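Observations on the three-dimensional arrangement
Each chain, letter by letter, is given below.
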Amino acid sequence: LEAFAATDSSLAAHGVVFVRFTLAAGNAGTVSVNSEPDPALRFADQRLTNGKGETVAWFDRGWKWERGRAVGKVNRDSALVLAIATKPLPADLVLDLNYATQRAACVAQWQQLLDRGMQVTVPEARVNHAARHLLIQNHTLIKGDRMHYSAGNQYDQLYEAEGSDAMLALLAWGFVADARRLTPALLDFTRKGLEHH
């Protein structure tokens, strides 16, 4: 399983996440994708649409709709791809939903961001990947000029201690412009019961 959020502006505005399934072991497997039970959902032309005709998910040609769910077969030489819109896409919007193209664009955008910071390389590739991944995660917590504690849940807001820690990590890694932009909101923050943070 590999997943990433699209960085193309027209897809990112709708929180489109691409997911690719491949076989980890064995010769063949089946993948099933269930959605919330909703009689208004329709599957046609490889798209799952809501009652307004908006696209909520797109599936490549390897998927079929069976018993209210998408089902696909995967083997050593094939993969299954889908794109999920966390905010439905307008029915008339024509988009490039090519997995390889969108993945390359995402990698390029994140690499461009990482190139702005300090470059550290160690002999273990896994460690290098983990460090870059953590820096990217910190950047996904930025909302405008605020460093949030989390994203997409009840903690998706500014917390003094946690936001300061994340901002200081960016500063330590050389993201000076980001740290400078994020600091005023942290210095001007107060919350009842957390005044001493």
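A brief structural summary. What you see is a predicted model, and the numbers here were worked out from it, not measured in a lab.

Rules used throughout
- Residues numbered from 1 in each chain as written.
- Predicted model: local features only at pLDDT ≥ 70, side-chain atom pairs only at ≥ 80, totals over all residues.
- Heavy atoms only, no water.
- Phe/Tyr/Trp six-rings, centres within 6.5 Å; stacked < 30°, edge-to-face > 60°.
- Helix = DSSP H or I, 4+ residues; strand = E, 2+ residues; numbered from the N terminus.
- Buried < 20%, exposed > 50% of the residue type's maximum accessible area, 1.4 Å probe, protein only.
- Expected span 1.5 Å × (residues − 1).
- Arc of directions from axis to C-beta.
- Contact = heavy atoms within 4.5 Å.
- Axes fitted to C-alpha atoms, helices over the stretch in contact; angles between N-to-C directions.
- Parallel < 35°, antiparallel > 145°, perpendicular 65-115°, else oblique.
- Nonpolar A, V, L, I, M, F, W, Y, C, P; charged D, E, K, R; others polar.
- Polar contact = N/O pair within 3.5 Å; in protein donor to acceptor, adjacent residues only side chain to side chain.

Attention now goes to the packing of aromatic side chains. Counting across every chain of the model gives 10 aromatic pairs. Ring geometry for Phe4 against Phe18: centres 5.3 Å apart, planes inclined by 10°, an arrangement best described as stacked. One end of the pair, Phe4, is in strand β1 (residues 2–5); the other, Phe18, is in strand β2 (residues 16–21), with 14 residues separating them in the sequence. Accessibility expressed as a relative area gives 11% for Phe4, which makes it buried. The exposure class of Phe18 is buried, given its relative accessible area of 0%.

Between its first and last C-alpha, helix α4 (residues 160–172) extends 18 Å over 13 residues, near the 18 Å set by a 1.5 Å rise per residue. Buried within α4 are the following residues: Glu160, Gly163, Ser164, Ala166, Met167 and Leu170. Projected down its long axis, α4 carries its buried residues within an arc of 165°, all on one side. In α4, the exposed residues that point more than 90 degrees away from the buried face are Asp165 and Ala172. If you follow the buried residues of α4, they end up packed against α3 (125–140), β10 (142–143), β11 (146–147) and α5 (176–187). Looking one or two residues past α4, Gly174 carries a phi angle of roughly 90°, positive in sign.

Quick look at the packing of helix α2 (residues 99–114) against α3 now. Two elements in contact, α2 and α3, have axes separated by 11 Å at closest approach and are oriented at 95°. For the element pair α2 / α3, the angle class is roughly perpendicular. On α3, the residues that touch Trp110, Leu113 and Leu114 of α2 are Arg132, Leu135, Ile136, His139 and Thr140. Class assignment for the residues of the contact of α2 with α3 results in 5 nonpolar, 2 polar and 1 charged.

So, on to the environment of Ala5. On the secondary structure map, Ala5 appears in strand β1. Judged by relative accessible area, Ala5 falls into the partly exposed class, the value being 44%. For the pair formed by Ala5 and Asp92, sequence separation is 87 residues and the distance between their alpha carbons is 22 Å.

An α-helical segment advances 3.6 residues per turn. Residues three or four places apart therefore align on the same side. Helix length check: α2, at 16 residues, gives a terminal C-alpha distance of 22 Å against a target of 22 Å (1.5 Å per residue), a fit within 8%. Taken together, the buried positions of α2 are occupied by Tyr99, Gln102, Cys106, Leu113 and Leu114. Along the axis of α2, the buried residues cluster in a sector spanning 110°; they form a single face. Exposed residues pointing more than 90 degrees away from the buried face of α2 are listed as Ala100 and Gln112. Residues of α2 that are buried sit in contact with β1, α1 (9–12), β2, β9 (80–89) and α3. For α2, the capping residue at the N-terminal end is Asn98, with a side-chain oxygen 3.1 Å from the backbone nitrogen of Ala100.

Quick look at the side chain of His14 now. Relative to the helices and strands, His14 is located in the loop between α1 and β2. The buried category is assigned to His14, whose relative accessible area is 12%.

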